[in-house]
Amino acid sequence: MPTLAPLITERRLILQAQADCPWANQMVLNPGVIRDPESGRLQMLFRATGNGQPRNAPAAADWPFPIYLGYAYSDNYGHQWNADFSKPALSPNLSLAQDELYIEDSRGRRSLNYANGCIEDPRLYWYEGKCHLIVACRVFPPGAYWEKDDPMQCAPAWAQDTDHGLGRAVRENVTVNLLYEVDLQALERGQYDNAFRYITHLTNPEFGENRDVLLFPRKLLINGQPKIVALHRPWESHHYPGHQQVTAPSIWYAMADSIDQLKTPDAKHRLLASPTFAWESNRIGASAPPLEVEPGLWLVSYHGKQDRDIGYTQSFMLLQETGNSLPTVAHRCSDRLMIPSEAWEQPGRFKTPCIFTTALVPLEDDQLMIVYGAADEKIGAATTKLSSLVEHVRRYDPSGKCV
């Protein structure tokens, strides 16, 4: 089975849970990473879970295992990281009261606070010259999901009523994806209260669980018109017209004229890829923000899950813009290119094997840093040559056949 092993020059553990940090003493994983074009500094937001809460947590913070975002940075191309475990960078509100579950978006509109209980799996990217963040959120903490997979285990009793009018986001605690604008200078200074500006939610909770939402970092030309294009992985594909036959969670396009339109019926959805190979049989989803490696050619890392024993592993595909339609799959690697191999990547508290890429960071001299969650508990980084990786993926045709 081919892997990236011959191409990787370095594979290392870069961050993990801290025993003395109440909000990050269980798990630290799945980071978003972006490079500041002015300073060259690598900025990271990571997902953290602990069995306690920060000193400034609200009174209702007796819920077990809320999920926060923490901050770290590196000034030497990711070889060493400085993490701030003194306080979270972005925290859930943790309110129990129904009338406190609201927030204002960037236009002053009142919206349900989908990040009240859980903020996880950050992805950072540049869009129109500004740093943005996409996070997967829940109204209530999911609790010890590695022991009991029940997203409602921490929800208050009133949330399961059908007459509160707050829909599936509250009634079933489904994941909703949110978009923020990020002030990197405020983040660097530790001024976290000023670092994030909530823009809007990107997915419709009435369509059920949805994850792995990634925006292309620029508008794409579709039928001669510039469109905002995202990738997403809905759990219930039957909500999207024309693809009721898609049963396993798959990678979809969402296309719209504006960010606000992505979550509305006006957005257009098209299937990009479904599980094809054995290691993808349970689901596939995009992993890190698409990386443009040549004009109109996008490198997309994606994950597949086979079952509880094989778990989550990673591969890559290349998407080619056409100018007339959504990008098409030009090359899809049918082999798992990233699998658990190091001792620290092996399952621990989370029993399913898991390698989950969340950032592709180009460095100098054709180097690409692949940052990933390992074992759903730690953060790892691998280094490879970008050109070699692209050349490897090009060996495969759109169906995954090695040619």
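Before any of the text, the structure's been laid out above.
Because the structure is predicted, anything quoted here is derived from the model rather than measured. (Residues numbered from 1 in each chain as written. Predicted model: local features only at pLDDT ≥ 70, side-chain atom pairs only at ≥ 80, totals over all residues. Heavy atoms only, no water.)

A. Region of the structure containing the overall build of the protein. The number of helices and strands found in the protein is three helices and 24 strands. Expected size for 403 residues packed as a compact globule is a radius of gyration near 22 Å; at 20 Å, the protein falls within 12% of this value. Along the first, second and third principal axes, the C-alpha set of the protein runs to 60 × 45 × 45 Å. For the protein, with 403 residues in total, the buried portion stands at 62%. Restricting to contacts in the protein with at least 6 residues of sequence separation, those with at least 24 account for 60%. When the accessible area of the protein is evaluated, it comes to approximately 15900 Å², of which 46% is carbon and sulfur surface. Counting 38 positive and 47 negative side-chain charges, the protein places the averaged centre of each group 3 Å from the other. (Helix = DSSP H or I, 4+ residues; strand = E, 2+ residues; numbered from the N terminus. Rg over C-alpha atoms; globule rule 2.2 N^0.38 Å. Buried < 20%, exposed > 50% of the residue type's maximum accessible area, 1.4 Å probe, protein only. Contact = heavy atoms within 4.5 Å. Areas by Shrake-Rupley, 256 points an atom, 1.4 Å probe, with all protein chains shown as cover. Lys, Arg positive; Asp, Glu negative; His and termini not counted. Charge placed at Lys NZ, Arg CZ, Asp CG, Glu CD.)

B. Spatial organisation of empty space enclosed by the protein. In this structure the tally under the stated criterion is one cavity of 30 Å³ or more. There is about 40 Å³ of room inside the largest cavity. For the largest cavity, the full set of lining residues is D121, R123, I134, V135, A136, N177, D212 and V213. For the lining of the largest cavity, the secondary structure elements donating two or more residues are β8 (118-127), β9 (130-138) and β12 (210-215). Residue contributions to the lining of the largest cavity peak at three residues, all from β9. (1 Å grid on protein atoms, 1.4 Å probe; cavity = no way out; pocket = protein on both sides within 12 Å on 5 of 7 lines; lining within 4 Å. Points joined across faces, edges and corners; volume = space filled by probe spheres on them.)

C. Expanded view of the pattern of salt bridges. A full pass over the atoms with the stated rule returns 26 salt bridges. Notably, a salt bridge pairs R233 with D212, separated by 3.5 Å at the nearest N-O pair. Of this pair, R233 sits in strand β14 (residues 225-234) while D212 sits in strand β12, placing them 21 residues apart in sequence. Note that R349 and E377 form a salt bridge whose closest N and O atoms lie 3.5 Å from each other. (Salt bridge = Lys/Arg side-chain N within 4 Å of Asp/Glu carboxyl O.)

D. Fine view of the side chain of T313. Tracing the sequence through the fold places T313 in strand β20 (residues 312-320). When its relative accessible area of 1% is taken as the criterion, T313 is described as buried. In contact with T313, not counting residues within four places along its chain, are W279, Y302, H303, G304, R336, M338, I339, P340 and I355.

From the geometry alone we can't say anything about function, so treat these as descriptive.
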